[in-house]
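Examining the three-dimensional arrangement
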Amino acid sequence: MTRLYLSPPHLGDCEAAFVQEAFASNWIAPLGPQIDAFEREFCARVGALHAAAVSSGTAALHLAVRLVGVGPGDEVLCSTLTFVASAAPIVYQGASPVFVDSEPTSWNMDPSLLAEELDRCARRGRLPRAVILVHLYGQSADIDPIRAACDRHGVALIEDAAEALGATYHGLSPGTFGRIGIFSFNGNKIITTSGGGMLVSNDVALIREAKALATQARDPAPHYEHSRLGYNYRMSNVLAAVGRGQLLVLEERVRRRRWNFEFYRRTLEGVPGLRFMPEAPYGQSSRWLTIILIDPEEFGATAEDVRCALEDRDIESRPVWKPMHLQPVFRSARRVGGSVAEDLFRRGLCLPSGSQMTDCDLTRVVETILGCARSAGHFVRSRGSGPPAKALP
Ligand SMILES: *Cc1c(COP(=O)(O)O)cnc(C)c1O
């Protein structure tokens, strides 16, 4: 039996042709026509006006916080339940993160907590420079009230949509509502360029500036002239070619990941002490990952027990992100709430969710999880290993 990974890359049929195009034109250098095309096609897909393709989602976030003027002494509010890359660029800029708790409906930043905190900051006369809103595990945060609170106080909204490409919020793509949105094409994301990221905005000047900073911030002169420092953050033309191919199969990948979720839900629903990450009513999750919550009392085993049982059968699973306010590196950071995120971390487990998983792979995961409940002495009726009744699209 081969190892089942959480979210491995999944190539389509067209990537090689686009890469071949890049090779045939001898355009291997960073920048080139594949990049321009990828940016254009990406904008059309998510509904943004302008985009800059960069070397990673982290690079995109670093550019974003710098572009909205985050600097030493500033505070930046950020979702606490996320991957470290959401918050690290705040510190790269010499600013301090303040971590905001999740709400139970979407697991993303709690709009009321954020609004209260912004009001409090305004009263003491020290507003944060920006808010970094993360859209977790393929599900959009509740953007409207969050954007309204930011607008009320004139605070820049940056959306970390690294995990949410293909999701919707009232029919539109998360990542396109704030001043800047970022996406990631890391190997484990819903589509990949092996490594890469995208920064989108409706402000053309901002994207022009992002591209300048991402190519060492050269002043306009025939020689190399620099009045400020930039970075080497641009995506290569070859990887943009891979991205173009991946963009063509995005829709299919979303459908497949949602199918994985449906399979898990139908085969595990009703098991005592086991619940799924909810889907908020305002949009559609891409179900980048399927996540279960385990109540050890009811289920008879902890999330860690289940993780170990899966690992014994060569199946990768992972706990939900450890909240940033619990991370040793951020121990002195300010925080607003935190108990919801802590609870999700304690009980949550991310299941294999790759878009090339077969029903047989999914059954292997389900049977192992059911086995944990059974060995804990609970009577769990297996629903058989047949696929859900609905046909695969
Ligand atoms: C993956 C990820 C990033 C970083 O993207 P990279 O391309 O890996 O640098 C940022 N934020 C979140 C929430 C992510 O999941």
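Calculation notes
Residues numbered from 1 in each chain as written. Predicted model: local features only at pLDDT ≥ 70, side-chain atom pairs only at ≥ 80, totals over all residues. Heavy atoms only, no water. Helix = DSSP H or I, 4+ residues; strand = E, 2+ residues; numbered from the N terminus. Rg over C-alpha atoms; globule rule 2.2 N^0.38 Å. Buried < 20%, exposed > 50% of the residue type's maximum accessible area, 1.4 Å probe, protein only. Core = buried A, V, L, I, M, F, W, Y, C linked by side-chain atoms within 4.5 Å. Domains from an automatic or database assignment. Polar contact = N/O pair within 3.5 Å; in protein donor to acceptor, adjacent residues only side chain to side chain. Phe/Tyr/Trp six-rings, centres within 6.5 Å; stacked < 30°, edge-to-face > 60°. Lys NZ or Arg CZ within 6 Å of the ring centre and 35° of its normal. pLDDT = per-residue confidence, 0-100. Contact = heavy atoms within 4.5 Å. Pairing = 2+ DSSP bridges. Axes fitted to C-alpha atoms, helices over the stretch in contact; angles between N-to-C directions. Parallel < 35°, antiparallel > 145°, perpendicular 65-115°, else oblique. Left-handed = near helix turned anticlockwise from the far one by under 90°. Nonpolar A, V, L, I, M, F, W, Y, C, P; charged D, E, K, R; others polar.

With that out of the way, let us pick up the overall build of the protein. Within the protein, the secondary structure is distributed over 13 helices and 12 strands. The C-alpha atoms of the protein give 22 Å as radius of gyration, which agrees with the globular expectation for 393 residues (21 Å, within 12%). Considered along the principal axes of its C-alpha atoms, the protein spans approximately 75 × 60 × 35 Å. The proportion of buried residues among the 393 residues of the protein is 55%.

Of all hydrophobic cores here, the largest spans 38 residues; its most connected members are F42, W107, Y137, L165 and M198. When residues of this core are traced back to their parent elements, those giving at least two are α2 (33–46), β1 (50–54), β7 (197–201), α8 (237–248), α9 (250–268), β9 (290–294) and α12 (339–347). The element contributing the most residues to this core is α2, with 5 residues. Each of domain 1 (15–247) and domain 2 (250–383) gives at least three residues to this core.

Here the focus is the side chain of T192. Relative to the elements of secondary structure, T192 occurs in the loop between β6 (180–184) and β7. A residue is classified by how much of its surface remains accessible, and T192, at 5% relative accessible area, is buried. From its side chain, T192 meets the backbone nitrogen of G187 in a polar contact 3.4 Å long.

On to the packing of aromatic side chains. Remark: the centre distance and the inter-plane angle together describe each pair of aromatic rings, the angle taken between the planes. Across all of its chains, the model carries 12 aromatic pairs by this definition. Considering the side-chain rings of Y169 and Y282, the 4.9 Å spacing of their centres and the 65° angle between planes classify their relative orientation as edge-to-face. With Y169 in the loop between β5 (156–160) and β6 and Y282 in the loop between β8 (274–276) and β9, this pair connects stretches of sequence that are 113 residues apart. We note that Y169, like Y282, is buried. Taken together, the ring pairs in this structure connect F38, F42, F183 and F185 into an aromatic cluster. The ring of F261 carries R287 above its face, with NZ or CZ at 3.5 Å from the centroid.

Now for the confidence of the model for the protein. Summarising the model, the protein shows a mean pLDDT of 94, and 94% of its residues fall at 70 or more. Note on residues 382–393: pLDDT is under 50 here. Beyond four places in sequence and across chains, it has 21 contacts.

To continue, consider the sheet that holds β6. Pairing in this open sheet of 8 strands is mixed, and the strands run β1-β7-β6-β5-β4-β2-β3-β11 from one edge to the other. Each edge of the open sheet is held by one strand with a lone partner, namely β1 and β11 (334–336). Neighbour to neighbour, the strand axes of the sheet diverge by 20° on average, direction disregarded. Across 5 bridges, the pairing between β1 and β7 is antiparallel. Looking at β7, one finds that A53 is bridged to M198. Strand contacts of helix α7 (residues 204–214): β1, β6 and β7, with the helix running at about 15° to β1, the strand carrying the most contacts.

Right, let's talk about unusual backbone geometry for a bit. Phi angles above zero are rare outside glycine, and H170 is one such case at about 45°. Take H170: it is sitting in the loop between β5 and β6. Judged by its relative accessible area of 52%, H170 is exposed.

This part is about the environment of V134. Its place among the elements puts V134 in strand β4 (residues 130–134). The spacing of V134 and E304 is 170 residues in sequence and 25 Å in space, taken between C-alpha atoms. With near-sequence residues (within four places) excluded, V134 lies in contact with S79, T82, S86, N108, A141 and D160.

Note that A280 resides in the loop between β8 and β9. A280 sits in the buried class, given a relative accessible area of 2%. Along the backbone, A280 and Q139 are 141 residues apart, and their C-alpha atoms lie at a distance of 7.9 Å.

Let's shift gears to the packing of helix α1 (residues 15–24) against α8. One way to put it is that α1 packs onto α8 with a least axis distance of 8 Å and a crossing angle of 155°. Relative to α8, α1 is oriented roughly antiparallel. Seen along the crossing, α1 lies across α8 with a hand that is right-handed. Packed against α1, whose contacting residues are E15, F18, V19, E21, A22 and F23, the element α8 presents N237, V238, A241, V242, R244, G245, Q246 and L248 at the interface. Along the lines of polarity and charge, the residues of the contact of α1 with α8 split into 8 nonpolar, 3 polar and 3 charged.

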